[in-house]
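Here's the letter readout for the chains.
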Amino acid sequence: MNNENRVVRSCLQLAEKAGADAAEAYFLHQDNLTIEVRNNKLETLERSKDRGVGIRVFKSGSFGYTFTSDLGSTALKEAVELALKGAIYSNLDVDARLPEQQPFDLSLAQFDCDIENTTLEEKQALALTIEKAALDTDSRVSMTERAVYEENSNTVLLANSCGLQLNYRTNFCGGYIWVVAEDNGDVQTGAGVAYRPQLSQFDPVAIGEEAALKAVQLLGADSIATQRLALVLPSKVATQFLGILAAMLSAEAAQKERSLFADRLGQQVASKAVTIIDDGSLKGEINTAPADGEGTSSQRTIVMEQGMLCSFLHNSHTAAKEGTVSTGNGVRGSFKTPPEVGPTNMFFAPGVSTENDLIQSVDKGLYVFNLMGVHTANPISGDFSLGVTGLLIEKGRLTRPVRQVMLAGNILDFLNQIQAVASDLRFYLGFGSPALLVGALTISGD
């Protein structure tokens, strides 16, 4: 990392020389691999690498940001000067600031050498195993649309003029598959997905089997009459609602009055069964790291506790604006953007019941397989309208498959209708949940 260290140090020195009040340099080297197979053959193999440095410069109460992939001395000097001009001509922002020097837990830098050292041929075999497992699970699985193994590796170096210095590496791997099942002219699809920070934890067979079972269980699905039904949401579906909530729980959204929860801090906003936590220090999950994207140590934040809204997610800027401290949620997806507010590992805290306990407790309900249209939920009003597929629950048993129905409502009603939380906490790309039991909501059908 000698060259990368040189780049980061040089950016800070150039900023100081140019007259900046403070500066930050964020170097990121990303390496991504995607292997797709179909019909037992390699379909595509894509490897992409991207590296560069993002430079944040502060001057007279404002900041400017720029980035460059050219790490030569001339390009770095030009980038710093451009960032300084941005600060000079930007609006005054008295809350713009950088994190101070602080200790980091470097054991949170999860880097699995097995991912790096495994050959491409062996990784292709993992993708083929996902596909084979799906096709072998049931003869009605007629084809795979996509079977994919992929991995991501990040090298991060971060330093600022407050004395903060940090460098670490992380990686993770995973895969997914979409399959088609057919029977008597009926066609249904199913998906399986899993991502883990260690190759030894990755189970390609389980991914294929999950997709196949979901597709087969939906064969013969039909609509039902409009009615109110209790819902059992398995882990994967429950995390989709967390994806809706994450945008609403950003302090930036709340401060700009773009969140349903903007004026509800300290209020009861969900049932007492609901506790939501964001934890960038949670070992064993793919978004865990020693610090967030601006250098605040990763931490555990209780966002909701027994239904009460306890905290929004903050970066340094939103925290200063509110007179509080950052929660370590200054996230970055690239060196090309300054840190924004976002979740790390966000999850519904688990309870003690099993998923089967939840199903058996329902007299009339729906076990949800898929939600369609989650991205259309309104973060300001909380309203959503989602397509749903699943299995009808009758007297505690899963019975016939259901499709072509809609679930419309408001996220506050949804949160207040959560009656029980199971113990089977699972994560899907940074969002985690056990199965949830939700009280009766209106399902619109025929």
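Everything here concerns the structure above.
Structural notes, computed from the coordinates. (Residues numbered from 1 in each chain as written. Predicted model: local features only at pLDDT ≥ 70, side-chain atom pairs only at ≥ 80, totals over all residues. Heavy atoms only, no water.)

**Quick word on a nonpolar patch on the surface**
Then comes step 1: On the surface, a nonpolar cluster with roughly 220 Å² of combined accessible area is contributed by Leu 42, Leu 45 and Leu 120.
Then comes step 2: Here Leu 45 lies in strand β2 (residues 41-59). (Patch = residues over 30% accessible without salt bridge, like charges linked within 9 Å, V, L, I, M, F, W, Y side chains within 5 Å. Areas by Shrake-Rupley, 256 points an atom, 1.4 Å probe, with all protein chains shown as cover. Salt bridge = Lys/Arg side-chain N within 4 Å of Asp/Glu carboxyl O. Helix = DSSP H or I, 4+ residues; strand = E, 2+ residues; numbered from the N terminus.)

**Things to note about the nonpolar core**
Then comes step 1: In this structure, Leu 233, Phe 241, Leu 245, Phe 261, Met 304 and Phe 414 are the most contacted members of the largest nonpolar core, which totals 52 residues.
Then comes step 2: The greatest single-element share of this core, amounting to eight residues, is contributed by helix α6 (residues 235-248).
Then comes step 3: Among the nonpolar cores identified, the runner-up in size contains 23 residues, and Leu 33, Ala 127, Ile 177 and Ile 207 belong to it. (Core = buried A, V, L, I, M, F, W, Y, C linked by side-chain atoms within 4.5 Å. Buried < 20%, exposed > 50% of the residue type's maximum accessible area, 1.4 Å probe, protein only.)

**Here we look at the environment of Val 216**
Then comes step 1: For Val 216, the location among the structural elements is in helix α5 (residues 204-217).
Then comes step 2: You can call Val 216 buried: its relative accessible area is 12%.
Then comes step 3: Note: C-alpha distance between Val 216 and Arg 300 (84 residues apart in sequence) is 40 Å.

**Considering the sheet that holds strand β19 (residues 431-433)**
Then comes step 1: One open sheet accounts for six strands, arranged β10-β9-β8-β13-β19-β18; its pairing is mixed. Of all the strands in the sheet, the pair left with one neighbour each is β10 (308-309) and β18 (426-428).
Then comes step 2: Where strand β8 (residues 276-279) meets strand β13 (residues 346-348), three bridges bridge the pair, whose relative direction is antiparallel. Paired with Ile 277 across the strands is Phe 347, a residue of β13.
Then comes step 3: Packing of α6 onto the sheet brings it into contact with β8, β13, β18 and β19, and relative to β19 it is tilted by some 130 degrees. (Pairing = 2+ DSSP bridges. Contact = heavy atoms within 4.5 Å. Axes fitted to C-alpha atoms, helices over the stretch in contact; angles between N-to-C directions.)

**Topic: the side chain of Glu 285**
Then comes step 1: Within the secondary structure layout, Glu 285 lies in the loop between β8 and β9 (300-305).
Then comes step 2: When its relative accessible area of 12% is taken as the criterion, Glu 285 is described as buried.
Then comes step 3: At 3.4 Å, the side chain of Glu 285 and the side chain of Arg 196 are in polar contact.
Then comes step 4: Those residues within four positions of Glu 285 in sequence are excluded, and the remaining contacts are Gln 110, Arg 196, Pro 197, Asn 345 and Phe 427. (Polar contact = N/O pair within 3.5 Å; in protein donor to acceptor, adjacent residues only side chain to side chain.)

**Quick notes on the packing of helix α4 (residues 120-137) against α5**
Then comes step 1: Close contact between α4 and α5 brings their axes to 7 Å; oriented N to C, the two are set at 35 degrees. Between α4 and α5 lies a crossing whose hand is right-handed. Facing α4, whose interface residues are Leu 126, Thr 129, Ile 130, Ala 133, Ala 134 and Thr 137, α5 presents Pro 204, Val 205, Ile 207, Gly 208, Glu 209, Ala 212 and Leu 213.
Then comes step 2: Its residues assigned to classes, the contact of α4 with α5 shows nine nonpolar, three polar and one charged. (Left-handed = near helix turned anticlockwise from the far one by under 90°. Nonpolar A, V, L, I, M, F, W, Y, C, P; charged D, E, K, R; others polar.)

**Some thoughts on the packing of aromatic side chains**
Then comes step 1: Counted under the stated rule, the structure contains eight aromatic pairs.
Then comes step 2: Centre to centre, the rings of Phe 172 and Tyr 195 are 6.3 Å apart; their planes meet at 75 degrees, and the pair counts as edge-to-face. Here Phe 172, found in strand β5 (residues 165-183), pairs with Tyr 195, found in strand β6 (residues 186-196); they are 23 residues apart in sequence, far enough to count as distant.
Then comes step 3: These aromatic residues form a ring-pair network of at least three members: Phe 241, Phe 384 and Phe 414.
Then comes step 4: Against the face of Tyr 26 rests Arg 332, its NZ or CZ located 4.1 Å from the ring centre. (Phe/Tyr/Trp six-rings, centres within 6.5 Å; stacked < 30°, edge-to-face > 60°. Lys NZ or Arg CZ within 6 Å of the ring centre and 35° of its normal.)

**Thoughts on the sheet that holds β6**
Then comes step 1: The six strands are arranged β3-β2-β1-β4-β5-β6 in an open sheet whose pairing can be described as antiparallel. Unpaired on one side and paired on the other, β3 (62-68) and β6 mark the two borders of the sheet. Direction aside, the axes of adjacent strands within the sheet are offset by 20 degrees on average.
Then comes step 2: Sheet topology places strand β1 (residues 22-38) next to β2; 17 bridges connect them, and they run antiparallel. Each residue of the ladder has a partner; that of Gln 30, found in β2, is Asp 50.
Then comes step 3: Contacting β2 and β3, helix α2 (residues 73-89) crosses the sheet at an angle of about 150 degrees to β3.
Then comes step 4: Contacts between α5 and the sheet are confined to β4 (141-160), β5 and β6, with β6 contributing the most and set at about 155 degrees to the helix.

**A look at α2**
For the α-helix, the turn length of 3.6 residues means that residues three or four positions removed from each other point alike.
Then comes step 1: In this model, α2 (17 residues) spans 25 Å end to end at C-alpha, consistent with the 24 Å of a helix rising 1.5 Å per residue.
Then comes step 2: Here the buried face of α2 lies against α1 (2-18), β2 and β3. (Expected span 1.5 Å × (residues − 1).)

**Examining the pairing of β4**
Then comes step 1: The buried fraction of β4 amounts to 16 of the 20 residues, a majority that puts the element mostly inside the structure.
Then comes step 2: Bridge count for β4 against β5 is 17 bridges, and the pairing is antiparallel. Bridge pairing in β5 links Asn 152 to Phe 172.
Then comes step 3: Connecting the antiparallel pair β4 and β5 is a turn made up of four residues, with Gly 163 showing a positive phi of about 100 degrees.

**Description of α1**
Then comes step 1: Spanning 17 residues, α1 covers 24 Å between terminal C-alpha atoms, matching the ideal 24 Å at 1.5 Å per step.
Then comes step 2: When α1 is considered as a whole, its buried residues turn out to be Glu 4, Val 7, Val 8, Ser 10, Cys 11, Leu 12 and Ala 15.
Then comes step 3: Considering only its buried residues, α1 is in contact with β1, β2, α2 and β4.
Then comes step 4: Once α1 ends, the next one or two residues include Gly 19, with phi positive near 100 degrees.

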